[in-house]
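Chain and residue survey
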Amino acid sequence: MSIVLKGEGLEKLVDLKAFYTFHDIKQGLIKKLTHADDYTPGTKIVIDIGKRQLNSKQLHEIEDILLDYGIHLKKIISPSWSVNGEDKEMFNYEVPYYAETIMLSRHLRAGQRLFSNGNLVILGDINPGAEIIAVGNIIVMGSLRGIAHSGYYGDENAIIAAYRLRPTQLRIAEHFTRPPEEDSTSVQQPEVARIKDNKVIIERLKI
């Protein structure tokens, strides 16, 4: 059996429909990635597994394999599946999961910059002039008043959440936004920024 890797730019489709067991899926994927020269670090992969489904543990194993090669899993698609006897045309596993998480318990001052190759959790404030960047998600258990960039390698499923979200700039993947001109300091509730309809939106964080 063969595995097909096709696509252009930094997003490619991996066709795994020909494999029937999870072991074969993993081995075929590893073999292809070992000999492939048509991707670059930061490539986003969409995997088609046909009618099969993966549990969360298997999904994380696939993502870990890809991360070993500097590749990121965007989603897994199955053209047909059934829930409660009802057929669906497509099922997508969106994958905001990252194995690495950096947790820092302090404030960041102006001029300080912090990068995480996975998720980033700050138990403190991000002051104006400070910058935090994460390949995965960003969570600030305090005030975010500096610059924050999640989904650094292009993951549009990444989020930015803070107890008080007052940034000078927010960026998720290639999308960015700035705060409104009016002062919104009266809002005292956790908020989350995410991509919706191809733009960054900010909404109340439901806990």
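A quick note: this is a predicted structure, and the numbers were derived from the prediction, not measured. Residue numbers run consecutively from 1 along every chain, following the written order of its sequence. For a predicted model such as this one, the threshold for reporting local features is a pLDDT of at least 70, and the threshold for listing and counting side-chain atom pairs is 80 or more; totals across whole chains, interfaces and linings nevertheless cover every residue. Where side-chain values are given, they derive from all heavy atoms of the structure, hydrogens and water being excluded.

Observations concerning the overall build of the protein chain
- Helix numbering and strand numbering both begin at the N terminus, where a helix is a DSSP run of H or I of at least 4 residues and a strand a DSSP run of E of at least 2. Counting its secondary structure elements, the protein chain contains two helices and 18 strands.
- Within the protein chain, the fraction of its 207 residues that count as buried is 44%.
- The contact rule is simple, with two residues in contact once any of their heavy atoms fall within 4.5 Å. Restricting to contacts in the protein chain with at least 6 residues of sequence separation, those with at least 24 account for 36%.
- As displayed, the protein chain has an accessible area near 11,500 Å², and 51% of this comes from carbon and sulfur atoms. Categorising residues by exposure relies on relative accessible area from a 1.4 Å probe, with only protein chains included: less than 20% of the type maximum marks a residue as buried, more than 50% marks it as exposed, and the intermediate range marks it as partly exposed. Using the Shrake-Rupley algorithm and a 1.4 Å probe, accessible areas are obtained, with residue cover drawn only from the displayed protein chains.

Points about the sheet that holds strand β16 (residues 175-177)
- In space, the five strands of this open sheet follow the order β9-β11-β13-β15-β16, with mixed pairing throughout. With one partner strand each, in any of the chains shown, β9 (113-116) and β16 form the two edges of the open sheet. Between one strand axis and the next, the sheet turns through 10° on average, direction left out of account.
- Only strands joined by at least two bridges in the DSSP assignment are considered to pair. Of the pairings in the sheet, the one linking strand β13 (residues 147-150) to strand β15 (residues 169-172) comprises four bridges and is parallel in character. Residue pairing for β15: Ile147 is matched across the bridge by Gln169. Only the contacting stretch of a helix is used when fitting its axis, a line to C-alpha atoms as for every element, and angles between N-to-C directions run 0 to 180 degrees.

A look at the nonpolar core
- Side-chain atoms within 4.5 Å are what join buried Ala, Val, Leu, Ile, Met, Phe, Trp, Tyr and Cys residues into a set we call a nonpolar core. Core analysis: the largest hydrophobic core is formed by 22 residues, its most contacted members being Ile126, Ile132, Ile138, Val140, Leu144 and Ile160.
- Look past the residues within four positions of Ile138 in its chain and what remains in contact with it is Leu120, Ile132, Ile133, Ala148, His149, Ser150, Ile159, Ile160 and Ala161.

Considerations on the packing of aromatic side chains
- Each Phe, Tyr or Trp ring, with Trp reduced to its six-membered ring, pairs with another whose centre is within 6.5 Å; inter-plane angles below 30 degrees give stacked pairs, above 60 give edge-to-face pairs, and intermediate values give tilted ones. Enumeration according to the criterion identifies two aromatic pairs in this entry.
- With 5.6 Å between their ring centres and 80° between their planes, Phe115 and Tyr152 make a pair best called edge-to-face. With Phe115 in strand β9 and Tyr152 in the loop between β13 and β14 (160-165), the pair connects residues that are 37 residues apart, well separated along the chain.
- By relative accessible area, which is 34% here, Phe115 ends up partly exposed.
- Where Tyr152 meets Tyr153, the ring centres are 5.5 Å apart and the plane angle is 50°; that geometry is what we call tilted.

Remarks on a nonpolar patch on the surface
- Patch rule: a residue counts if its relative accessible area is over 30% and it has no salt bridge; like charges are joined within 9 Å, and nonpolar side chains (Val, Leu, Ile, Met, Phe, Trp, Tyr) within 5 Å. Think of a salt bridge as a Lys or Arg side-chain nitrogen and an Asp or Glu carboxyl oxygen that are within 4 Å of each other. Where nonpolar side chains cluster on the molecular surface, the patch consists of Met103, Leu123, Ile139 and Met141 and spans about 390 Å² of accessible area.
- Here Leu123 is to be found in the loop between β10 (119-122) and β11 (131-134).
- The exposure class of Leu123 is partly exposed, given its relative accessible area of 36%.

A few points about the sheet that holds β10
- Pairing is mixed in the open sheet, where six strands are placed in the order β8-β10-β12-β14-β17-β18. In this open sheet, the two strands that pair with only one neighbour each are β8 (101-104) and β18 (199-204). Direction aside, neighbouring strands of the sheet carry axes that sit 25° apart on average.
- Bridging between β14 and strand β17 (residues 191-196) involves three bridges; their strand directions are antiparallel. Its bridge partner lying in β17, Ile160 is registered against Ala193.

Looking at the confidence of the model for the protein chain
- Every residue carries a pLDDT, the predictor's confidence in it, which falls somewhere between 0 and 100. Per-chain confidence: the protein chain averages 77 in pLDDT, with 74% of residues scoring 70 or above.
- Contacts for the low-pLDDT stretch residues 1-5, under 50 throughout, to residues beyond four places or in other chains number 23 contacts.
- For the stretch residues 79-93, pLDDT sits under 50, and the model shows 31 contacts to residues farther than four places along the chain or on other chains.

Here we look at the pairing of β11
- Summarising the sheet, β9 and β11 pair through four bridges and their orientation is parallel. Note on β11: the bridge partner recorded for Phe115 is Ile133.
- The pairing of β11 with β13 spans three bridges and is classified as parallel. The residue bridging Ile132 from the neighbouring strand is Ala148, located in β13.

Describing the environment of Gly28
- Following the sequence through the fold, Gly28 ends up in helix α1 (residues 22-35).
- Taking the C-alpha atoms as reference points, Gly28 and Ala18, separated by ten residues in sequence, lie 10.0 Å from one another.

What about the environment of Arg178?
- Mapped onto the elements of the fold, Arg178 is located in the loop between β16 and β17.
- The exposure class of Arg178 is exposed, given its relative accessible area of 54%.
- For the pair Arg178 and Ile147, spaced 31 residues apart in sequence, the C-alpha to C-alpha distance is 9.5 Å.
- When near neighbours in sequence (up to four residues on either side) are disregarded, Arg178 contacts Thr168 and Gln169.

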